[in-house]
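Chain by chain, the residues:
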Amino acid sequence: MKAEQRRFVSGRDSLRLPLLGPLLLGRYGRLLLQAPLTVLALLLVIDGFTGPQSAARNLATVAPWVHYRGLVVLALLLAGNLFCMGCPFTLPRSLAKRLSSRGRRFPQRLRNKWLAIGSLFALFFAYESFDLWASPLLTAWLIVAYFIASFVLEALFSESAFCKYICPLGSFNMVYSTLSPTQISVRSHDTCAQCVGKECVNGSYAAQPIIRIDEITADSGAPLRTVPVAHGPSGALGCGTELFAPQVQSNMDCTMCLDCVRACPHDNAGLFLRAPGGELDQPDSLPRRWDMSLLLIALAFMGLSNAFGMVPPYYALQEWLALNLGIASEFVILLLIFGVFNLALPALAAVGAAYAGRQLGGLGRRASLRDTAAAFAPSFVPIGFGIWFAHYSFHFLIGPGLIVPVIQEFLGGFGDWATWSFSLETNIIGLLQAAALVSGFVWSLRLAQKTALRLYRRKATPGLLPWALLHLLLMLAAWQIFTLPMEMRGTLSLFG
């Protein structure tokens, strides 16, 4: 295991646990997660098309916009990218891969995170512009579009382009799975070096059965082993996002599908426990590119603007812009607000803080703005997650049982709204929100401090100031928003 990984990846493979490992690593292990989520997705589509077009009484709006979002942030923090592992949209992946006949590579110019930033912006903009939270029909069409886009791109390209470069849900999950306590890694780098087929990334599928013999010496001084490696029609797919297991240093781009583990003929890959967020203070765990840096930073700002769109000052801002700029179109006003909050501000913050920190830290032009921003960008992950957690947990905890009467009515029965319309005390929810924001801020500040010490040494404190100020402003702005009355989307008719 590489030196930089040893500090935060343990030798404990979670897939070696007695029940969990055999369950997930079986040939149909991922299907056990995908099948129920696929059935749920189909039920959402059915209810969205045929059910009542009331947001609070339709599975298509209550399940994804209230319950899914609250559960996914909790899963990311406690276990990792479980949704991508069980993603229903990739269930036809095997069929798509057979159709693609290995396909062609995704265009070189698009192999970055610019499309991901654009798709996240488009999703959050569409959510507000078209009131997706209030429209079961549009939400159902969105789910259908996901299925189509995932299958088509999987069939056209040799890599999982939709997951890696486009999917906004996947991009969100991958960014915040960097905080999770699990990561794909390997037991022995020597074994990987001697593996001929690199099945973890290439897979073991072949149209005709093939057997290869690998000669493996797992550790220095260990006896030589000959390992037969079988390829055939029932072989496992390799990593869809083309990650090579021994080189994985981050959860970014990992869908946690475990295909690499299933495909490894030497039982060398696994899902290892690690220090939560351990990769974020490692200087080379994420690529030093503007697209990657802006993805991490912009997601924190998007969390802020997504919550801001549900409080009274947002509507006051809309009215002010309409009156003072003479803009009559609500679509244009929303595009302007979202463009400033979600794209312009993150970009200005990244460049401005990088420039100011570089000057205050005494590096001048000896370090590029791109590399400086890339070094500090990971510190936005904890505060960004704290904002999203505070927001999504609020909507989930204000009506955690409301999914039950919705299901009852979907099945043709009587919805027992009185019994299931309970809520956690608002004071307790407020304390949880405050804890999430403060914890995220402290974690982010600590990461930024480590980066400043690494880059600026004796001038670490002045070099840290611009980034610390950004984190503080994000936390205070989020706290101010969460103290205001917030729209009870999806539960409006029940709670007023």
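Before reading further, recall that the structure is shown in the block above.
The structure reproduced in this document is the subject of the present report. (Residues numbered from 1 in each chain as written. Predicted model: local features only at pLDDT ≥ 70, side-chain atom pairs only at ≥ 80, totals over all residues. Heavy atoms only, no water.)

Attention shifts here to the overall build of the chain. Per the secondary structure count, the chain includes 23 helices and five strands. Taking 496 residues into account, the globule formula puts the C-alpha radius of gyration at 23 Å, and the chain, at 24 Å, falls close to it. In terms of its C-alpha atoms, the chain occupies a principal-axis envelope of roughly 75 × 65 × 40 Å. Looking at the chain residue by residue over its 496 residues, the buried ones come to 55%. Look at the contacts in the chain between residues 6 or more apart in sequence, and 80% of them connect residues 24 or more apart. With the model as given, the accessible surface of the chain reaches about 21600 Å², and the carbon-plus-sulfur share is 67%. (Helix = DSSP H or I, 4+ residues; strand = E, 2+ residues; numbered from the N terminus. Rg over C-alpha atoms; globule rule 2.2 N^0.38 Å. Buried < 20%, exposed > 50% of the residue type's maximum accessible area, 1.4 Å probe, protein only. Contact = heavy atoms within 4.5 Å. Areas by Shrake-Rupley, 256 points an atom, 1.4 Å probe, with all protein chains shown as cover.)

Before going further, it helps to examine the side chain of Asn251. Examined against the element boundaries, Asn251 turns out to sit in the loop between strand 4 (225–231) and helix 13 (259–263). At a separation of 2.8 Å, a polar atom in the side chain of Asn251 contacts the main-chain carbonyl oxygen of Ser177. Within polar-contact distance, the side chain of Asn251 engages the side chain of Ser180 at 3.1 Å. Contact partners of Asn251, with chain neighbours within four places excluded, come to Met174, Ser177, Thr178, Ser180, Thr182, Gln183, Ile184, Arg274 and Glu279. (Polar contact = N/O pair within 3.5 Å; in protein donor to acceptor, adjacent residues only side chain to side chain.)

This brings us to the packing of helix 14 (residues 290–308) against helix 18 (residues 380–397). At a closest axis distance of 8 Å, the pairing of helix 14 and helix 18 adopts a crossing angle of 25°. If you check the angle between helix 14 and helix 18, you find them roughly parallel. Both helix 14 and helix 18 take part in a crossing whose hand is left-handed. Mapping the contact onto sequence places Leu296, Ile297, Leu299, Ala300, Met302, Gly303, Leu304, Asn306 and Ala307 in helix 14 and Phe380, Val381, Gly384, Ile387, Trp388, His391 and Tyr392 in helix 18. Across the contact of helix 14 with helix 18, the residue classes break down as twelve nonpolar, four polar and no charged. (Axes fitted to C-alpha atoms, helices over the stretch in contact; angles between N-to-C directions. Parallel < 35°, antiparallel > 145°, perpendicular 65-115°, else oblique. Left-handed = near helix turned anticlockwise from the far one by under 90°. Nonpolar A, V, L, I, M, F, W, Y, C, P; charged D, E, K, R; others polar.)

Moving on: the environment of Pro22. Considering the arrangement of structural elements, one finds Pro22 in helix 2 (residues 20–25). Of the residues examined, Pro22 reaches a relative accessible area of 56% and is grouped as exposed. Along the primary structure Pro22 and Gly118 are separated by 96 residues, whereas in three dimensions their C-alpha atoms are 39 Å apart.

Among the secondary structure elements, Ser444 is positioned in helix 21 (residues 426–456). Overall, the relative accessible area of 0% leaves Ser444 in the buried class.

Our next topic: the layout of surface pockets. Gaps left between atoms show up when a probe the size of a water molecule is rolled over them. Considering only enclosed or pocket space, the largest pocket measures out at about 1100 Å³ in volume. Taken together, 50 residues line the largest pocket, and the ones lying closest to its centre are Leu37, Tyr68, Arg69, Val72 and Phe83. Residue assignment for the lining of the largest pocket shows that the elements contributing at least two residues are helix 2, helix 3 (29–50), helix 4 (59–78), helix 5 (82–85), helix 7 (114–129), helix 8 (136–156), helix 10 (168–176) and helix 19 (403–410). For the lining of the largest pocket, the element with the highest residue contribution is helix 4, accounting for eleven residues. Among the residues forming the lining of the largest pocket, the class breakdown is 40 nonpolar, nine polar and one charged. (1 Å grid on protein atoms, 1.4 Å probe; cavity = no way out; pocket = protein on both sides within 12 Å on 5 of 7 lines; lining within 4 Å. Points joined across faces, edges and corners; volume = space filled by probe spheres on them.)

Time to look at the packing of helix 15 (residues 312–325) against helix 16 (residues 330–360). Contact geometry for helix 15 and helix 16: axes closest at 10 Å, N-to-C directions at 115°. The orientation of helix 15 with respect to helix 16, classified from their angle, is roughly perpendicular. Here helix 15 runs over helix 16; the crossing is right-handed. Residues Tyr314, Leu317, Gln318, Leu321, Ala322 and Leu325 of helix 15 form the contact with helix 16, whose participating residues are Glu330, Ile333, Leu334, Leu336, Ile337 and Phe341. The class makeup of the residues in the contact of helix 15 with helix 16 is ten nonpolar, one polar and one charged.

Once that is clear, we can look at the pairing of strand 5 (residues 269–274). Extensive coverage of strand 5 is indicated by the burial of five of its six residues. In this sheet, strand 5 lies alongside strand 2 (residues 182–186) in antiparallel orientation, the contact comprising five bridges. Along strand 5, the bridge assignment pairs Ile184 with Leu271. (Pairing = 2+ DSSP bridges.)

To continue, consider helix 10. Counted residue by residue, helix 10 has eight buried out of nine residues, so it is predominantly covered. Turning to helix 10, its buried residues are Pro168, Gly170, Ser171, Phe172, Asn173, Met174, Val175 and Tyr176.

Attention now moves to the packing of aromatic side chains. Taken as a whole, this structure holds 25 aromatic pairs when the rule is applied. With a centroid separation of 5.0 Å and 55° between ring planes, the pair formed by Trp65 and Tyr127 is classed as tilted. Taken together, the residues span a long stretch of sequence, with Trp65 in helix 4 and Tyr127 in helix 7 at a distance of 62 residues. As far as the burial class goes, Trp65 and Tyr127 line up, both buried. Aromatic side chains Phe308 and Tyr314 sit 5.8 Å apart centroid to centroid with 85° between the ring planes, which places their arrangement in the edge-to-face category. Overall, Phe308 belongs to the buried group, its relative accessible area being 14%. Connected via pairs of aromatic rings, a cluster forms that spans Phe124, Phe172, Tyr176, Phe385, Trp388, Phe389 and Tyr392. (Phe/Tyr/Trp six-rings, centres within 6.5 Å; stacked < 30°, edge-to-face > 60°.)

On the secondary structure map, Phe422 appears in the loop between helix 20 (417–420) and helix 21. Looking at Phe422, the relative accessible area reads 39%, which means it is partly exposed. Contact partners of Phe422, with chain neighbours within four places excluded, come to Ile398, Gly399, Pro400 and Gly401.

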